[in-house]
Structures are given as C-alpha cells and as structure tokens.
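Letter by letter, the chains look like this.
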Amino acid sequence: MKSSAIRLLAAAAAWVLAGAGHAAVPLPTLNIDKTQITVSGLSSGGFMANQLGVAHSSTFKGVGVFAAGPYMCAGHSNYTACMYNASISSSALNTMQADINNWSGTAIDAKSHIASQKVYLFVGTSDTTVGPNPMNALQTQYVNNGVASANLSYVQRSGTAHVLPTDFDATGNNSCGSSASPYIANCGYDGAKAVLTQLYGTLQPRNDSPAAANYIEFDQTAFGSNPGMASTGWAYVPANCAAGQVCKLHVALHGCQQNYATIGDRFVRNTGYSRWADTNSIVVLFPQTRVDNTARSTAASGMLPNPNGCWDWIGWYGSNFAQKAGAQVTAIKAMVDKVAGGTGNPGTPATCFTASNYAHTTAGRAYALWGLTYANGSNDSMGFWNIYVTTTLKQTAPNYYVIGTCP
C-alpha cells in the first residue's frame with residue numbers, strides 16, 4: 001500500500017508538470033484512405049501546399065491554394081517578385097517549369113501525377129499582399145502541367161483582402177477587406193467548404209460545434225528539428241476516425257503570422273476546417289511553424305530571417321526547399337505517413353479489454369507519459385498510470401485502441 005501511494009503521488013506530480021493534461025501526445029496512426037489525402041494553405045501555407053502537391057504528387061490527390069503563387073517562384077526571383085500583385089512573365093514560368101521537368105521522377109514525384117490532381121485556387125481582388133497576378137500564374141502553371149478545367153476551380157472574390165474567408169463570425173477575427181491579423185474573416189464565403197468540396201465532392205452538412213476533445217496537440221519534434229517548425233502541432237480527429245473507421249486526410253497550412261504561438265488556436269478552430277471534417281470523416285492536420293529570427297541565406301532573396309513564422313517557400317532551410325528532400329516538406333510528409341499508416345478494417349468485430357491502466361501498458365495496449373496513460377493508436381487519455389484506475393479499451397484495428405465497450 002505504501003509503494004502504491006508513492007506511485008499515486010508521483011503520478012499526481014507528473015500531472016502538474018505536464019500542465020494539467022495539456023502535454024503534447026504522439027501523433028496517432030489512423031485508418032486513412034490513401035487515395036483521399038489532400039492539402040491546402042493560405043499565403044506561405046499556400047506556397048507550401050503547392051510545393052507538397054508537386055513534390056509528392058503521387059500522395060496528394062488534391063491541392064488548395066489561398067493567395068499564393070507558382071512553384072519555385074522565389075527559387076529564381078526575389079520573393080517580392082512573387083507577391084504584391086507582381087506580374088509573372090511567361091519566361092519566368094518557363095524557368096520554373098524547367099525545374100519541374102528536370103526533377104520529375106527524382107527530386108520530386110513524376111510530374112504526370114499533377115495532371116490527375118483536383119485543384120482549388122482562391123484570391124481576393126482586394127488582396128495587395130499577394131494579389132491576383134501571382135495566382136493567375138499559378139493557374140497557368142497547373143494548366144501547363146495537364147490539370148483539366150473540370151478539375152480546377154479558380155475563385156476571385158470581390159472586396160476580399162489577404163484572408164482565409166469564412167461565412168461566420170469568430171472572436172478576434174479581422175474584417176474581410178483588411179489584410180490584418182489573424183488573417184481570418186467573415187466574407188460571406190465558406191472557404192473551407194469550397195476547398196474541401198472541390199477536393200472531395202459534395203459534403204454532409206457541417207457541425208458548427210465540433211467536440212473540443214477531438215482536437216489534439218501532438219509532438220512535432222518526432223518529425224525533425226527544423227528551426228522554422230514549432231515543437232507541437234495540432235490535429236482534428238473526428239470520433240468515428242478515432243474509432244477506426246476509414247477516413248480521409250487533409251493537411252491545412254496556416255500562413256505567416258498565423259501560427260499557434262502568434263494567434264493561438266484561431267487558425268485551428270476558426271477557419272471552418274474542423275466543422276466540415278467532423279461530419280465528413282476527414283482528419284485534419286494543422287502543422288505549426290515558429291518564428292526564426294536568425295538571418296539565413298535564401299535561394300534568391302539574400303540573407304533573411306523568418307520573423308513572421310512563414311512556411312519555407314524562399315529557401316531559408318536549404319536550396320532543396322521545394323523538393324522531397326526539403327526539411328519542411330520532409331517533416332510534413334512524415335506526419336502524413338504516420339497518420340495514414342493504419343491498416344484497420346472497420347468491418348472486423350472489435351475486441352475489448354478491461355484492466356488497470358498499469359496492466360494495459362504492460363500488455364502493450366497503452367503507453368505512459370508524464371504519469372498519465374494513453375491508448376495506443378488513438379491516444380485517448382485514460383487518466384493516471386497506476387493499478388487503481390480501470391479502463392475498458394476497444395481494439396478497432398491492429399495496435400489501435402479506443403476507450404469504449406463492445407456490444
């Protein structure tokens with residue numbers, strides 16, 4: 001009894017040290033349909049979405065870009081030539097295309113996969129940060145790589161600035177016509193719905209109150225130590241996806257000055273992605289950047305720091321920033337591979353195990369972290385790691401357990 005009490009006190013202390021249950025957990029492995037993996041992003045996140053879609057075109061079946069520009073634009077020109085509504089010449093696009101052609105099948109996936117992608121493009125006509133001209137060039141680049149008009153949606157919306165547009169109000173958001181923090185605004189246009197519809201087809205009605213328990217903060221350090229990436233990221237995992245059902249996977253990339261350290265959870269919760277994900281069996285990954293004030297050599301823009309926590313679209317972290325070997329591309333792809341690594345069959349009858357949290361860990365159904373217990377696969381929080389707390393775990397896939405009961 002004495003040793004048990006000591007273990008209980010140690011677990012309680014660990015709870016406090018872990019921030020009352022807010023410690024980041026490992027990214028779960030889920031049962032993902034690998035033909036339904038897509039990506040989208042705003043601004044630098046839009047450039048990164050495009051880079052991921054080109055570098056790993058066999059993985060990402062769809063790409064959504066809100067206010068960004070063409071692949072490798074800042075690889076050959078000062079980044080300012082790819083923003084501020086700059087016109088991008090056909091000669092410049094030919095130079096960028098040469099990269100795609102030369103790297104196809106080696107530094108990037110075979111470019112033939114791009115032609116089968118579904119693509120969504122959005123820019124506001126009042127966007128002076130990026131503007132329509134770079135987006136026009138991006139549209140041309142996709143067409144030049146074989147994307148059919150039936151698979152390409154390009155929206156230019158009047159009165160909209162440099163923002164991720166929504167159709168609902170949320171605390172702290174800016175106005176639709178203002179390019180200001182947090183760059184999320186009620187523009188009477190549901191951007192999350194538009195991009196997810198283009199990539200996945202008709203959606204079920206959204207849930208405007210997705211469960212708080214479905215948001216998880218995960219450990220990003222497991223996917224590399226890039227100085228431009230935060231130590232933790234976020235994900236939204238609908239309950240049915242956590243229970244082992246086959247789901248889709250979407251990566252949503254914030255823009256500059258939109259990471260968690262800068263605007264809190266607004267990009268994660270206020271953009272609408274999770275509202276649609278909840279009712280449409282879509283797991284959403286929200287990888288996170290961090291501010292990097294160290295001046296670094298870039299591809300074509302000289303020595304620059306990254307004080308706004310932008311995704312690397314100009315070569316801060318290596319000349320291969322837009323290729324499969326790029327530090328941030330590699331990290332995000334590793335996250336996707338981790339989430340999509342499950343092979344569960346939701347048609348297989350579930351098996352349940354009722355035991356103490358300590359027994360679950362020794363049996364390999366759960367793991368302990370900072371004195372708390374988490375189910376393997378789902379990362380469901382089971383409470384203190386000791387012999388006194390009893391939990392029923394339901395196995396829904398190989399090495400995948402959720403808190404629940406069997407019929």
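Every value quoted in this text rests on a predicted model; they were computed, and no experiment measured them. (Residues numbered from 1 in each chain as written. Predicted model: local features only at pLDDT ≥ 70, side-chain atom pairs only at ≥ 80, totals over all residues. Heavy atoms only, no water.)

1. Focus on the side chain of Arg 275
Applied cut-off: Elements are defined by DSSP. Helices are runs of H or I of four residues or more, strands are runs of E of two residues or more, and each kind is numbered from the N terminus. Polar contacts, as used here, are pairs of N or O atoms within 3.5 Å; protein pairs need one atom able to donate a hydrogen and one able to accept it. Residues neighboring in sequence count only if both atoms are side-chain atoms. Whether two residues are in contact is decided by their heavy atoms: any pair within 4.5 Å suffices.
Counting through the fold element by element, Arg 275 comes out in helix 10 (residues 273-279). A distance of 3.2 Å separates a polar atom in the side chain of Arg 275 from a polar atom in the side chain of Asp 208. Setting aside anything within four residues of it in sequence, one finds Arg 275 in contact with Phe 168, Arg 206, Asn 207, Asp 208 and Pro 210.

2. Brief notes about a nonpolar patch on the surface
Definition in use: Patch members must show over 30% relative accessible area and no salt bridge, and they are joined within 9 Å when carrying like charges or within 5 Å when they are nonpolar side chains of Val, Leu, Ile, Met, Phe, Trp or Tyr. Areas reported here follow the Shrake-Rupley algorithm with a probe of radius 1.4 Å; residue values treat only the protein chains shown as occluding. We count a salt bridge whenever a side-chain nitrogen from Lys or Arg sits within 4 Å of a carboxyl oxygen from Asp or Glu.
On the surface, Tyr 358, Trp 385, Ile 387 and Tyr 388 cluster together into a nonpolar patch covering about 390 Å² of accessible area. Relative to the elements of secondary structure, Tyr 358 occurs in helix 12 (residues 357-362).

3. Re the packing of helix 4 (residues 90-103) against helix 5 (residues 132-144)
What counts is decided by this rule: The axes are straight lines fitted to the C-alpha atoms, using for helices just the contacting stretch, and the angles between their N-to-C directions are given from 0 to 180°. Roughly parallel covers angles under 35 degrees, roughly antiparallel covers those over 145, roughly perpendicular covers 65 to 115, and oblique covers all other angles. Take the far helix as the reference: if the near one is turned anticlockwise from it by less than a right angle, the crossing is left-handed, and if turned clockwise, right-handed.
Axis separation between helix 4 and helix 5 bottoms out at 11 Å; the angle between their running directions is 45°. Judged by the angle between their axes, helix 4 and helix 5 are oblique. Remark: the crossing between helix 4 and helix 5 carries right-handed chirality. Counted together, Leu 93, Met 96, Gln 97 and Ile 100 of helix 4 and Ala 137, Thr 140, Gln 141 and Asn 144 of helix 5 form the full contact between these two elements.

4. A look at the sheet that holds strand 15 (residues 372-375)
Rule in force here: In short, DSSP must find at least two bridges between two strands for them to pair.
Within the open sheet, the 3 strands sit side by side as 14-15-16. Their pairing is antiparallel. In the strand order of this sheet, the two ends are held by strand 14 (366-369) and strand 16 (381-384), each with one partner. Looking at each pair of strands side by side, their axes are set apart by 25° on average, direction ignored. When strand 14 meets strand 15, the two strands line up antiparallel, connected through 4 bridges. Counted as the bridge partner of Leu 369 is Leu 372 from strand 15.

5. Quick notes on the state of the cysteines
For the record, the criterion: In this description, the term disulfide denotes a pair of cysteine sulfurs within 2.5 Å. The buried label goes to any residue with under 20% of its type's maximum accessible area, the exposed label to any with over 50%, and the partly exposed label to all in between, with areas taken from a 1.4 Å probe on protein chains only.
Under the definition given, this model contains 4 disulfides. Note on cysteine connectivity: Cys 176 is disulfide-linked to Cys 187, with sulfurs 2.1 Å apart. What sets the handedness of the Cys 176 and Cys 187 disulfide is the S-S torsion sign, and at about 110° it is right-handed. Here Cys 187 lies in the loop between strand 6 (184-186) and helix 6 (191-200) and Cys 176 lies in the loop between strand 5 (164-166) and strand 6, a separation of 11 residues in the sequence. One exposure class covers both Cys 176 and Cys 187, and it is buried.

6. Overview of the pairing of strand 10 (residues 282-286)
The element strand 10 is largely enclosed, with a buried count of 5 among its 5 residues. Burial along strand 10 is two-sided: the face carrying Ile 282, Val 284 and Phe 286 and the face carrying Val 283 and Leu 285 are both buried. Examined bridge by bridge, strand 8 (residues 232-236) and strand 10 share 3 bridges and lie antiparallel to one another. Note on strand 10: the bridge partner recorded for Tyr 236 is Val 284.

7. Notes on the pattern of salt bridges
Summed over all chains, the structure comprises 8 salt bridges. Among the ionic pairs, Asp 167 bridges to Arg 206, the shortest N-O distance being 2.9 Å. Of this pair, Asp 167 sits in the loop between strand 5 and strand 6 while Arg 206 sits in the loop between helix 6 and strand 7 (215-219), and the two are 39 residues apart along the sequence. Between Arg 269 and Asp 265 there is a salt bridge, and its shortest N-O distance comes to 2.8 Å. Residue class for Arg 269 comes out partly exposed when judged on its relative accessible area of 28%. Using a relative accessible area of 30% as the deciding quantity, one classes Asp 265 as partly exposed. Each of Asp 167, Asp 190, Arg 206, Asp 208 and Arg 275 takes part in a single network of salt bridges with overlapping partners.

8. Examining unusual backbone geometry
Here the residue pair Ser 181 and Pro 182 is connected by a cis peptide bond, since its omega of 5° sits within 30 degrees of zero. Structurally, the position occupied by Pro 182 is in the loop between strand 5 and strand 6. For Tyr 84, which is not glycine, the phi torsion reads 50° and is therefore positive. Examined against the element boundaries, Tyr 84 turns out to sit in the loop between helix 3 (73-76) and helix 4. One non-glycine residue with positive phi stands out, namely Asn 85, at about 60°.

9. A closer look at the packing of aromatic side chains
For clarity, the cut-off: Each Phe, Tyr or Trp ring, with Trp reduced to its six-membered ring, pairs with another whose centre is within 6.5 Å; inter-plane angles below 30 degrees give stacked pairs, above 60 give edge-to-face pairs, and intermediate values give tilted ones. For a Lys NZ or an Arg CZ to count as sitting over a ring, it must be within 6 Å of the ring centre and within 35 degrees of the ring normal.
The tally for this structure, following the rule as stated, stands at 15 aromatic pairs. Seen in terms of ring centroids, Tyr 273 and Phe 286 are 6.3 Å apart; in terms of plane orientation they differ by 75°. Their pairing is edge-to-face. Pair noted here: Tyr 273 is in helix 10 and Phe 286 is in strand 10, with a separation of 13 residues, a long-range link. For the pair Tyr 273 and Phe 286, one class covers both residues: buried. Centroid distance Tyr 367 to Tyr 374: 5.5 Å. Interplanar angle 25°. Geometry classified as stacked. A residue is classified by how much of its surface remains accessible, and Tyr 374, at 4% relative accessible area, is buried. One aromatic cluster is present, built from ring pairs that chain together Phe 66, Tyr 120, Phe 122 and Tyr 189. Over the aromatic face of Tyr 200 sits the side chain of Lys 248, whose NZ or CZ is 5.9 Å from the ring centroid. Directly above the ring of Tyr 215 sits Arg 269, whose terminal nitrogen or CZ lies 4.0 Å from the centroid.

10. Thoughts on the sheet that holds strand 1 (residues 32-42)
As summarised here, the arrangement of the 8 strands in space is 4-3-2-1-9-10-8-7, forming an open sheet in which the pairing is mixed. Only two strands of the sheet have a single partner each, and these edge strands are strand 4 (152-157) and strand 7. Direction aside, neighbouring strands of the sheet carry axes that sit 15° apart on average. Pairing geometry for strand 7 and strand 8, over 5 bridges, is antiparallel. Across the sheet, residue Phe 218 finds its bridge partner in strand 8, namely Gly 233. On the sheet, helix 11 (residues 327-339) packs against strand 1, strand 7, strand 9 (247-253) and strand 10 and is oriented at approximately 160° with respect to strand 9.

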